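Examining the three-dimensional arrangement
In case you want the letters, here they are:
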Amino acid sequence: MSWKDRPFNSVGTDPLKNKMKGQGKESLSADSSKCPTCGSNIFYEPELSGLLCPNCGNVYSPDTMESRGSLGVTKEHDYVGDVDMSEDDKKRHEIICNSCGGTLVADEDTMSTMCPFCGSPALITRRMSREFKPDYIIPFKIDKDRAESLLNEWISSRKNTPLGFKKKCRMTHMTAIYVPAWLVDCSINSDLSGTGKNGNSMVRDFIEVYSNMKFFVKGVPFDASLKIPNKLMEAAEPFDYSEMVKFESKYLQGFYANKYDQLPTEMVDRIVGRMDRFARSTTDLLANKYDEFEDRFDKHFTWLSDISVKYCLLPVWFVTVDFKGEKHQFAVNGQTGEACGRVPVSDACTVRNKLLSLSAGPWKFVTIPVAVALIYLCCFLTAAFYSNPAGLFFVGFLYVLLFLDLIILFLSFAGNILFRKVFDFGNKEYDQNDYDKDPGLSEYYDSSRKTERTVSEKLLRHVVSITDSEGRVVETHSLEL
Ligand SMILES: [Zn+2]
Ligand SMILES: [Zn+2]
């Protein structure tokens, strides 16, 4: 389906999406069809703009029942006695944290004394309860000493951390964890539209632009562990898939693995959300053609097809640092050595940031008339109460107010220059210690597959402005087309 088949003026552009919005899945199940692959009931999933089978993960177009691929993975089997356990599984045990519920899988020789997710020592070891079978694994390349020194190097490079934080980090040991992730391949189909403007102040053209694009992405990872923040894992990306191998239990020797908590069919919104961001990031391709470009995101529509999912374990060095009662989680990519996390800022820095944000506001101009008024008042009252000690006490109070006002005045003007220019805090002081951005589309774009793109333009308006000798617009003629 291309954009041409859609009525352009329908808000949201997907008629079915609007019709189904707000309706519960139950209300649809009465007349819902059966999955052509497995026979289970299938449901309309608004995020996918398609029908999803929760049993096998297959996705279908609602109108044609054409397959759009599958979010399904090899199903784990519930453990019943020893029968379903593979020989490898029997050699492993599960370590469960009594405090946060985090679960790790390890071989029988690997023991842990502390939960890597919350730092609690209250751990229970039990036999494997579910079969645990990833398709692929990227083996660890970075050893513990290297990971710890890379993390410390990175944390040292962060500015304005609280006193003692870096030292605390140096004392905490990292744990190697294979993080379960779903690697999603799919094609992203997107309808974008906007208004382009070309011309100058005299003659302007307003052009309505529609674009339909289909491109492929490969190996976009979504971590399936609820214990590890998604932002942390995204910041640890990218992984080099050329070193990805078929899973063999020998790789787990001496390492922990986290079991997945969520299936891809349970995180459709996250998957589609990220793909949609990829689609939106292509808007620049459109915008470049015009002097000005305005997105029409309300008419933006993304849908996925050719979906397939691989289950892979990604190598991550992980640590939770408990600092003054707050927990901070950090990771080092076990393959590339990239360190990431969200580093706290010192209290002094928080105060300074507040001052900076205050000094950036227009309120600072209030301090000028206040200072002038106080100076007048102080002079007048000092003269008036010259021989009156009680009155002078009151005047003294006004002098204190004046002093404070002048300090604020100084900080808001001179302080701004002092903080930004002299101490070189730059303009990023608010988020400099936040997570790294996840890699964008360029990292996952599949160049081996053909990208299809159609762009069409419609001239909306042709505007001619007539100006007088001083450049003032005196007449405007607009030609609607
Ligand atoms: Zn099915
Ligand atoms: Zn824990």
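Residues numbered from 1 in each chain as written. Chains lettered and ligands numbered in written order. Predicted model: local features only at pLDDT ≥ 70, side-chain atom pairs only at ≥ 80, totals over all residues. Heavy atoms only, no water.

Before going further, it helps to examine the coordination of the zinc ion (ligand 2). Each protein donor to the zinc ion (ligand 2) is listed here as Cys97 (SG), Cys100 (SG), Cys115 (SG) and Cys118 (SG); together their distances run 2.3 Å. Between the four donor atoms coordinating the zinc ion (ligand 2), the angles at the centre fall across 106 to 112°, so the site counts as tetrahedral. Positions of the donor residues of the zinc ion (ligand 2) along the chain correspond to the pattern C-x2-C-x14-C-x2-C. Since its relative accessible area comes to 12%, cysteine 118 is described here as buried. (Donors = N, O, S within 2.8 Å, 3.2 Å for Na, K, Ca; no water. Tetrahedral: all angles 85-135°; square planar, octahedral: opposite > 155°, others 65-115°. Buried < 20%, exposed > 50% of the residue type's maximum accessible area, 1.4 Å probe, protein only.)

Time to look at the nonpolar core. Soluble globular proteins tend to bury their nonpolar side chains together. If you look at the biggest cluster of nonpolar residues, it comprises 57 residues, and the most contacted ones within it are Val217, Met275 and Phe330. Counting only elements with at least two residues in this core, the list comes to helix H4 (144-157), helix H5 (165-171), strand E9 (175-199), strand E10 (203-223), helix H7 (268-280), strand E14 (301-323), strand E15 (326-333) and helix H12 (441-444). The element best represented in this core is E14, accounting for nine residues. Mapped onto the domain boundaries, this core takes at least three residues apiece from domain 1 (1-70) and domain 2 (74-345 + 444-481). (Core = buried A, V, L, I, M, F, W, Y, C linked by side-chain atoms within 4.5 Å. Helix = DSSP H or I, 4+ residues; strand = E, 2+ residues; numbered from the N terminus. Domains from an automatic or database assignment.)

This part is about the pairing of strand E5 (residues 92-97). Burial of E5 is extensive: six of the six residues sit out of reach of the surface. By the alternation rule, side chains of E5 split into Arg92, Glu94 and Ile96 and His93, Ile95 and Cys97, which are all buried. Between E5 and the antiparallel strand that follows it, strand E6 (residues 103-107), lie five residues; glycine 101 among them carries a positive phi value of about 85°. Strand direction decides the pairing type here: E5 and strand E7 (residues 123-127), joined by five bridges, are antiparallel. In the strand pairing of E7, cysteine 97 is matched with leucine 123. (Pairing = 2+ DSSP bridges.)

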